[in-house]
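These are the residues of each chain, in order.
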Amino acid sequence: TSNVGAPDVDSKGWNLSVAVPLGATTVSANLGRANVTQTGTNEVTINGYQLRANYALSKRTTAYAVYGSDKLEIQGTTGDYKRSQVSTGIRHTF
């Protein structure tokens, strides 16, 4: 394949995470940001975070709950795109 004529894309970002064990529960938070620019297009900024709790039911089984949200901003447009998500479940390792 050839990259002749392909636009230049520049992406920069960061991510910060922390997890704190509290007995059988571990709570964690994640925060991140990314900026993406492509030749001939608008700059895009993505900001997001996630909150999570894990509860150890046994040595190999964990229940979890997660909430996350992010926002997409496109320079030169009037609206932002926002979304959020909630997830719950049980994880068992064999």
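These numbers come from a predicted model, not from an experiment.

1. Re the environment of Val18
- With respect to the element layout, Val18 can be found in strand E1 (residues 9-22).
- For Val18, a relative accessible area of 49% corresponds to the partly exposed category.
- For the pair formed by Val18 and Ile90, sequence separation is 72 residues and the distance between their alpha carbons is 21 Å.
- Every residue in contact with Val18, bar those within four places of it in the chain, is listed here: Val27, Ser28 and Ala29.

2. What about the pattern of salt bridges?
- A full pass over the atoms with the stated rule returns two salt bridges.
- Of the charged contacts in the structure, one is a salt bridge between Asp70 and Arg83, with a shortest N-O distance of 2.9 Å. Taken as a pair, Asp70 in strand E4 (residues 61-74) and Arg83 in strand E5 (residues 81-92) lie far apart in primary sequence, 13 residues in all.
- The exposure class of Arg83 is exposed, given its relative accessible area of 59%.
- Lys71 is the salt-bridge partner of Glu73, the closest N and O atoms lying 3.2 Å from each other.

3. Side note on the sheet that holds E5
- Spatial ordering of the open sheet is given by E1-E2-E3-E4-E5, a layout of five strands whose pairing is antiparallel. The sheet is open, and its two edges are formed by E1 and E5, each paired on a single side. Direction aside, neighbouring strands of the sheet carry axes that sit 10° apart on average.
- Note: E1 against strand E2 (residues 25-38), 14 bridges, orientation antiparallel. Residue pairing for E2: Val9 is matched across the bridge by Gln38.

4. Structural notes on the layout of surface pockets
- Approximately 310 Å³ is the volume attributed to the largest pocket.
- The wall of the largest pocket is formed by 20 residues, among which Tyr49, Gln50, Gly68, Ser69 and Asp70 lie closest to the centre.
- For the lining of the largest pocket, a count of residues per class yields six nonpolar, 11 polar and three charged.

5. Comments concerning the side chain of Thr45
- Here Thr45 lies in strand E3 (residues 44-56).
- When its relative accessible area of 8% is taken as the criterion, Thr45 is described as buried.
- A distance of 3.1 Å separates a polar atom in the side chain of Thr45 from a polar atom in the side chain of Asn35.
- The contact partners of Thr45, leaving out residues within four places of it in the chain, are Arg33, Ala34, Asn35, Lys71, Leu72 and Glu73.

Thresholds, definitions, all that
Residues numbered from 1 in each chain as written. Predicted model: local features only at pLDDT ≥ 70, side-chain atom pairs only at ≥ 80, totals over all residues. Heavy atoms only, no water. Helix = DSSP H or I, 4+ residues; strand = E, 2+ residues; numbered from the N terminus. Buried < 20%, exposed > 50% of the residue type's maximum accessible area, 1.4 Å probe, protein only. Contact = heavy atoms within 4.5 Å. Salt bridge = Lys/Arg side-chain N within 4 Å of Asp/Glu carboxyl O. Pairing = 2+ DSSP bridges. Axes fitted to C-alpha atoms, helices over the stretch in contact; angles between N-to-C directions. 1 Å grid on protein atoms, 1.4 Å probe; cavity = no way out; pocket = protein on both sides within 12 Å on 5 of 7 lines; lining within 4 Å. Points joined across faces, edges and corners; volume = space filled by probe spheres on them. Nonpolar A, V, L, I, M, F, W, Y, C, P; charged D, E, K, R; others polar. Polar contact = N/O pair within 3.5 Å; in protein donor to acceptor, adjacent residues only side chain to side chain.

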